[in-house]
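Take a look at the letters that make up each chain.
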Amino acid sequence: MSPWERALREQAAQLDPALRAYFGAIPIGSAGRGEGVFDVVGTPRRWLWPLLSLLALDGIVFPVWEHSVPFTITNRPTGRGTVRARRVFHFAGGDAVMSDEIGITSAGLTDRLGEHALVSSTLSATVVNGRLVLRSTGVVLRLGPVRVPLGVLAPRVTLVERTDGSRQHVSLRMSLPGVGTIYEYSGTFTYRVEKENGV
């Protein structure tokens, strides 16, 4: 079973059929690949861009505010019960790679963000009208060997995946109480699972 199926349990059967393929288990030796366009990526709040620039160094978020951004995504099982995702954003100024690894821990569904997992987020997963809704329940920052829970300072993340005709739609919104949305992306893509070359 995939991490999402393990988190959703019996709710997994309530996902729209196309989403079941995306959030289902990927066989070892295969990868899930998608291509699409984000309607919007980033934040117009430029005062946040210096912080986002630091997080961009590890492939977490990026200091941009762009529309109609082509992207690709590749999901691969790790063999450790987790799934590693690599998203390539084709920004006007050049490509940028966002990476994360999602799995199940004692805290529940956990997403380790960035190439070096400097940030991790625990997530609640529910199915609403066939859509998958993920909401963050905690965020931890890793500073060397020290793990720092952000508590009330943690941004709130909501991700919704749904079908949009023959395509899949994803929407992520990151917000802070009293500030509002500080980062977002949303768009549509197609997706397939295929064997890797040479397998």
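Located above this text is the structure these notes cover.
Summarised in this report is the structure supplied together with it. The residue count restarts for each chain, going from 1 along the sequence in the order it is written. Given that this is a predicted model, residues contribute local features only at a pLDDT of at least 70 and side-chain atom pairs are listed and counted only at 80 or more, while totals for whole chains, interfaces and linings are drawn from all residues. The basis for every side-chain value is the complete set of non-hydrogen atoms in the structure, without hydrogens or water.

### Quick notes on the overall build of the protein
So, point 1. Helix and strand assignments come from DSSP, with helices taken as H or I runs of at least 4 residues and strands as E runs of at least 2, each series counted from the N terminus. In terms of helices and strands, the protein carries 3 helices and 11 strands.
So, point 2. Here the C-alpha radius of gyration of the protein, 16 Å, is about what a compact globule of 199 residues would show, namely 16 Å.
So, point 3. Dimensions along the principal axes, computed over C-alpha positions, put the protein at roughly 45 × 40 × 35 Å.
So, point 4. In this description, contact between two residues means that some pair of their heavy atoms is separated by no more than 4.5 Å. Contacts in the protein between residues far apart in sequence, at least 24 positions, make up 49% of those at least 6 positions apart.
So, point 5. Every accessible area reported is derived by Shrake-Rupley at a probe size of 1.4 Å, with residue values counting cover from the shown protein chains alone. Total accessible area computed for the protein in this model is approximately 10,200 Å², and 56% of it derives from carbon and sulfur atoms.
So, point 6. When the 22 positive and 17 negative side-chain charges of the protein are each reduced to one mean point, those points stand 4 Å apart. We compute the radius of gyration from the C-alpha atoms alone; for a globule the expected value is 2.2 Å times N to the 0.38, where N is the number of residues. For the purpose of charge, His is not counted, nor are the chain termini; Lys and Arg are scored as positive and Asp and Glu as negative. Charge positions are represented by NZ for Lys, CZ for Arg, CG for Asp and CD for Glu.

### Things to note about the environment of Val170
So, point 1. Within the element layout of this structure, Val170 appears in strand S10 (residues 167-176).
So, point 2. Partly exposed describes any residue whose relative accessible area lies between the buried limit of under 20% and the exposed limit of over 50%, with all areas from a 1.4 Å probe on protein chains only and scaled to the type maximum. In this structure Val170 comes out as buried when scored by relative accessible area, which is 6%.
So, point 3. Between the alpha carbons of Val170 and Gly187 there is a distance of 5.7 Å; along the sequence they are 17 residues apart.
So, point 4. In contact with Val170, not counting residues within four places along its chain, are Phe38, Leu159, Val160, Glu161, Tyr185, Ser186, Gly187 and Phe189.

### Structural notes on the packing of aromatic side chains
So, point 1. Working definition: a ring pair exists when centres of Phe, Tyr or Trp rings (six-membered ring for Trp) sit within 6.5 Å. Plane angles under 30 degrees give stacked, over 60 give edge-to-face, the rest tilted. A full pass over the atoms with the stated rule returns 12 aromatic pairs.
So, point 2. Between Phe71 and Phe189, the ring centres sit 5.9 Å apart and the planes meet at 70 degrees, which makes this aromatic pair edge-to-face. Here Phe189 lies in strand S11 (residues 180-195) and Phe71 lies in strand S2 (residues 65-77), a separation of 118 residues in the sequence.
So, point 3. Residue Phe189 is classed as buried on the basis of its relative accessible area of 2%.
So, point 4. Feature note: the residues Trp4, Tyr22, Phe23, Phe38, Phe62, Phe71, Phe89, Phe91, Tyr185, Phe189 and Tyr191 constitute an aromatic cluster, connected by ring pairs.

### Brief notes about the pattern of salt bridges
So, point 1. Just to be clear on terms, a salt bridge is a Lys or Arg side-chain nitrogen sitting within 4 Å of an Asp or Glu carboxyl oxygen. A complete count under the given rule lists 10 salt bridges for this structure.
So, point 2. A salt bridge links Glu101 to Arg80, with the nearest nitrogen and oxygen atoms 2.6 Å apart. Of this pair, Glu101 sits in strand S4 (residues 94-105) while Arg80 is found in the loop between S2 and strand S3 (83-91), placing the two residues 21 residues apart along the sequence.
So, point 3. The structure contains a network of salt bridges with shared partners spanning Arg33, Glu35, Arg76, Arg192, Glu194 and Glu196.

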